[in-house]
There are 2 protein chains.
Amino acid sequence: MSRVENGSAARLFAALGDTTRLGLIERLSQRGERSIVQLGDGLPISRQAVAKHLDVLLGAGLVRRTKSGREVLFALQPEVFAEASDWLSKVGSQWEGTLGRFRDFVENQP
Amino acid sequence: MSRVENGSAARLFAALGDTTRLGLIERLSQRGERSIVQLGDGLPISRQAVAKHLDVLLGAGLVRRTKSGREVLFALQPEVFAEASDWLSKVGSQWEGTLGRFRDFVENQP
DNA sequence: CTGATTAGCAACCGGAAGGTTGCATGAAAT
DNA sequence: ATTTCATGCAACCTTCCGGTTGCTAATCAG
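Residues numbered from 1 in each chain as written. Chains lettered and ligands numbered in written order. Predicted model: local features only at pLDDT ≥ 70, side-chain atom pairs only at ≥ 80, totals over all residues. Heavy atoms only, no water.

Looking at an unreviewed UniProt entry, chain A carries the name Regulatory protein ArsR, with the source organism given as Sphingobium chlorophenolicum.

Student: Honestly, the protein's contact with DNA strand D in this entry has me stumped. Any pointers?
Tutor: Not every one of the 21 residues close to DNA strand D is listed here, only the nearest: Arg47 and Gln48 of chain A together with Ser46, Lys52 and His53 of chain B. Of everything in DNA strand D that lies within 4 Å of the protein, sugar and phosphate atoms constitute 55%. Gln48 of chain A is positioned such that a nitrogen or oxygen atom in its side chain is 2.8 Å from a base nitrogen of DNA strand D. Side-chain polar atom of His53 of chain B to a phosphate oxygen of DNA strand D: 2.2 Å apart, as the coordinates give it. Elements with a minimum of two residues in the surface near DNA strand D: helix H3 (36-40), helix H4 (47-59) and strand S3 (71-76) of chain A together with helix H2 (19-31) and helix H4 (47-59) of chain B. Ranked by residue count, the leading element in the surface near DNA strand D is H4 of chain B, at four residues. (Near = heavy atom within 4 Å. Polar contact = N/O pair within 3.5 Å; in protein donor to acceptor, adjacent residues only side chain to side chain. Helix = DSSP H or I, 4+ residues; strand = E, 2+ residues; numbered from the N terminus.)

Student: I keep staring at the protein's contact with DNA strand C and nothing clicks. Help me out?
Tutor: Near DNA strand C, the surroundings consist of 21 residues, among which Ser46, Lys52 and His53 of chain A together with Gln48 and Arg70 of chain B are the closest. Of what DNA strand C places within 4 Å of the protein, 54% of the atoms are sugar or phosphate. In the environment of DNA strand C, a base nitrogen lies 2.7 Å from a nitrogen or oxygen atom belonging to the side chain of Gln48 of chain B. Listing elements by their share of the surface near DNA strand C, those giving two or more residues are helix H2 (19-31) and H4 of chain A together with helix H3 (36-40), H4 and strand S3 (71-76) of chain B. With four residues, H4 of chain A is the single largest residue contributor to the surface near DNA strand C.

Student: Where do I start with the pattern of salt bridges in this structure?
Tutor: Two side chains that carry opposite charge are able to pair once their charged atoms sit near each other. Residue and element names in this part refer to chain A. Applying the stated rule across the entire model yields two salt bridges over all chains. The salt bridge partner of Arg64 is Glu33, with a shortest N-O separation of 3.4 Å. With Arg64 in strand S2 (residues 63-68) and Glu33 in the loop between H2 and strand S1 (34-35), the pair connects residues that are 31 residues apart, well separated along the chain. For Arg64, a relative accessible area of 34% puts it in the partly exposed group. On the basis of relative accessibility, which here comes to 34%, the residue Glu33 falls in the partly exposed class. (Salt bridge = Lys/Arg side-chain N within 4 Å of Asp/Glu carboxyl O. Buried < 20%, exposed > 50% of the residue type's maximum accessible area, 1.4 Å probe, protein only.)

Quick look at the structure:
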C-alpha cells in the first residue's frame, strides 16, 4: 500500500470497519474458502445481507470470489492484509521517530 | 489488540475508513501535535467538520487530546497503530497457514 | 476594555449503509 | 421432469454519517 493513494486505503479500512464483516473475515481465516450460505450460517441476518457484506470485502480486495457449480466461494486475499498492516506500522512509527520530533520542534518555533 | 473484542476493532478501522481522516492522520504524523484550526487549514470543509473527524479519531483511540490555553491540541497515539497492524498481519498469516495445511491435505490424497 | 481568535453546542439536511422482503434463475438431486 | 438448493436482482425502509449554519463561551492581543 506504500504507493496507493488515500482513496483505496480508506475503502479498505472502511471495509474492515464493521463487526459483521470482521466476523466473516474471522470465519474465512479459520475455516478457509466458504460459500455464502456457509458463511452466513448461525448469523442473525439474512443471506442477502451476508452477500452484500462479502461484496464490500470484495470491493476492498480483501477476498477473492470463485464460482463452483451453483455455489460462489469466497476466500481471503492475505497479501492485502499484509499491505494494510505495513501502512499502519509505518504511519505509527514515522511520527514516533526522531525526525518527527525534530520537525515538530522546528515548526513550533516563533 | 489480541484480546480486544470485535467491537472496538471495528470502531478503530471505521475511524480509518475515511479519506479526510486519513489526511488528518498524515498531517499529524508529519507535523506533530496541532490545533483544530491548524489541522483544518487548507481543507475544503468547515472547522466543525474537522472537529467532528478528530472526535471520531479520539473515540477510536488513535489520537490524544490536550488543552492549552484557548486551543485544543491533538497528537497521534502510535501504540494503537501498532496494535491494529499486528491484528491485520495475524489474521492474514493465520489464513496462509490454513491454506498451507489445506494444500498438504489435498496433495496427500490418493 | 475591545476586538479578534479558538473552540463547543445544537439543529438541521441529504445521501450512503445496513438491513429486509419478494421474485427470478440456474444447477443438483431424486 | 420436478423439486430443492444457492444465488442474483430490485425495491424499499431506517439509521447513521459527513457536512453545514447560527449562536455562545472563553482566552489572547492591542
